[in-house]
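What follows is each chain in one-letter form.
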Amino acid sequence: MRDLQAMNLPAFDNLRLELRRGCLVLAVLAKLRSEHHGYALAKALREGGLEIDENTLYPLLRRLEDQKLLASAWRVEDKRNKRFYRLSEEGRVALARLLDEWRNINSAVERLSTPTMTAGRRKA
Amino acid sequence: MKREPTNEELLDRYIHAVKLMLMLPPHKMEDIGAEVRSNLESQVEDQARVLGRELRPDEVSALLKRHGHPAKVALRYREAPARGLISPVLFPLYWFTLRAVFAIWLTIRLIVLVFAFQGASPAVSLLLALGRDVLLAAVIIPAGITLLFAGWEYLEFRFRYSERWKPEALSPVPSSFPQHPKPRPVRGIIGGIVWLVFLALALYAPSFFWVWGGRGVFSASDALYAMRFPLWLLAFFVISQSWLCYTRFATSSWLRALRIGVVAAGVALAIFLLGTGDLLIAGPKWDPSQAKPLATLNQMLAGVLTLVSILAGLPLLWEVVRMIRRWTSHSGTPHVAS
């Protein structure tokens, strides 16, 4: 904890941003297995514990749509025009593979970090 | 009296500003504008539901302020191009090439400057020409190298040359590949002692030197003669710090400070000597037919001193900047009480 506090804050913020960037894509794709409009998606992500700025989310949705991982359509809901996003077929395949990758990375990081933490505790 | 804008007008103005700053084709601008509006309207509705009333214009204004300046919002939609001009893979090589080419160019230009000192051109006009050339090179060299690397990047993106390599095609390591030489402190120390003794003798027996002895065709100028002790001290410190590099103090910060001090003193001394005019004057055995060689020698000495001052001064500046950066980053680290 002390190491974290002593760490130069901008450097930590950059590391955190890098770490979050890939996770956000995964979370957005996972959530869009069911259809959401942008605002509802941001709320759902927030409620799920992943805070995301709207100015990050909307351009990200657009990029994922350009990559054909998402499909979107304008529709009226509550008397207002809203753009609804959902996962495309390609997005489904990509999500499955990304989730596999995520699980592998997660377990590898767990494996790699556990001995260090144990050693740290032993030292303490 | 000026009318305050309504909620709808505030939203309209904001969306209009975002669209203007997107700088995208009209259909994309409209699409993005509609989406940003939809999001903002949802936020307004949500807040209104929580408060149980319509939002006031100042509350909508605060919401828009939180959402961000229109330029910032527009910028996010313009980020992440499909392919950069120079990718992160090539960037270290690009940066290295840029610095190497500039350093080579500068070295050649400085050598040309040294020889130009021998000509009739006044020093001020030569230095002005150097400044102009450095400014031009600072634009032309990066532009040329960036174009070159952008072309390489494009070809790599299109044809994937880097994926076609074969390990067998790499050239074999030559048998006489230079290894890092081991430091030879003994040779350096003996050479340094001989040199210091030689210089020390000059303090008490100037006739040791053909220029300082008063027996030559040329003699040292008054300023150079007056500076002989500082010159000896400078040589002493230069040699000492190069010996210390062989000891356990090699990485200590005071040695770095000493090196900076020695270089700074050397540059200051060189500038002072350059300012005093000719460093060599006619000696007791002066022969008027030697006037031209004397002038050439003085010009060459001045050129060499200038070149050495620049070559030593630039790394010195860089070292000082690094020290300041290290110092500020160290002092900027938050202190944590244990």
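Quick caveat, the model's predicted, so the values are computed rather than measured. (Residues numbered from 1 in each chain as written. Chains lettered and ligands numbered in written order. Predicted model: local features only at pLDDT ≥ 70, side-chain atom pairs only at ≥ 80, totals over all residues.)

### Some points on helix 4 (residues 54-66) of chain A
All names here are of chain A. The cut-off we apply is this: Counting from the N terminus, the helices are DSSP H or I runs at least four residues long and the strands are E runs at least two residues long. Given the number of residues in a helix, its expected span is that number minus one, multiplied by 1.5 Å. Partly exposed residues are those falling between the two cut-offs: more than 12 but fewer than 20 other C-beta atoms within 10 Å of their own, whereas 20 or more means buried and 12 or fewer means exposed, with C-beta atoms placed from the backbone. An arc is given here, and it is the one of the directions from the helix axis to the C-beta atoms.
If you check helix 4, its first and last C-alpha atoms are 18 Å apart, about what 13 residues at 1.5 Å a residue would give, namely 18 Å. Among the residues making up helix 4, those that are buried are Glu54, Tyr58, Leu61, Arg62 and Leu64. The arc that holds every buried residue of helix 4, seen down its axis, measures 165°, which confines them to one face. Within two residues after helix 4, Lys68 carries a phi angle of roughly 65°, on the positive side.

### Brief notes about the packing of helix 3 (residues 38-47) of chain A against helix 4 of chain A
Residue and element names in this part refer to chain A. What counts, and what does not: Each axis is a line fitted through C-alpha atoms, and for a helix only the stretch in contact is used; angles between axes span 0 to 180 degrees, taken between their N-to-C directions. Throughout, the term roughly parallel applies to angles under 35 degrees, roughly antiparallel to angles over 145, roughly perpendicular to angles from 65 to 115, and oblique to all others. Crossings are classed by handedness, with left-handed meaning an anticlockwise turn of the near helix from the far one by less than a right angle and right-handed meaning a clockwise turn. Note that contacts rest on C-beta atoms placed from the backbone: two residues are in contact if these are within 7 Å.
For the pair helix 3 and helix 4, the least separation of the axes is 11 Å and the interaxial angle reads 120°. When the axis of helix 3 is compared with that of helix 4, the two are oblique. Considering only the axes of helix 3 and helix 4, their crossing is right-handed. Across the interface between the two elements, Gly38, Leu41 and Ala42 of helix 3 pack against Glu54, Leu57, Tyr58 and Leu61 of helix 4.

### Here we look at unusual backbone geometry
Residue and element names in this part refer to chain A. One non-glycine residue, Lys68, lies in positive phi territory at about 65°. For Lys79, which is not glycine, the phi dihedral falls at a positive 65°. The topology assignment puts Lys79 in the loop between strand 2 (70-77) and strand 3 (80-87).

### A short note on the nonpolar core
Cut-off, in case you're wondering: Put simply, a nonpolar core is buried Ala, Val, Leu, Ile, Met, Phe, Trp, Tyr and Cys residues tied into one set by C-beta atoms within 7 Å.
Among the nonpolar cores identified, the biggest contains 14 residues, and Leu29(A), Leu32(A), Leu61(A), Leu64(A), Leu70(A), Tyr85(A) and Leu87(A) are the most heavily contacted of them. Taken together, the elements giving at least two residues each to this core come down to helix 2 (9-31), helix 3, helix 4 and strand 3 of chain A. Core analysis: the next-biggest nonpolar cluster, separate from the first, contains 12 residues, Tyr14(B), Ile15(B), Ile32(B) and Leu40(B) among them.

### Thoughts on the sheet that holds strand 3 of chain A
All names here are of chain A. Worth spelling out the cut-off: Any two strands with at least two DSSP-identified bridges between them are counted as paired.
Across the sheet, three strands lie side by side as 1-3-2; this open sheet has antiparallel pairing. Sheet topology places strand 1 (36-37) and strand 2 at the edges, where each strand pairs with a single neighbour. Pairing of strand 2 with strand 3, which is carried by eight bridges, proceeds in the antiparallel orientation. Among the inter-strand pairings, Ala71 is bridged to a residue of strand 3, identified as Arg86.

### Brief notes about the pairing of strand 3 of chain A
All names here are of chain A. Inspection of the sheet shows strand 1 paired to strand 3 by two bridges, in the antiparallel sense. If you follow His37 over to strand 3, its bridge partner there is Phe84. Connecting strand 2 to the next strand, strand 3, in antiparallel fashion are two residues, including Asp78 with a positive phi near 50°.

From the geometry alone we can't say anything about function, so treat these as descriptive.
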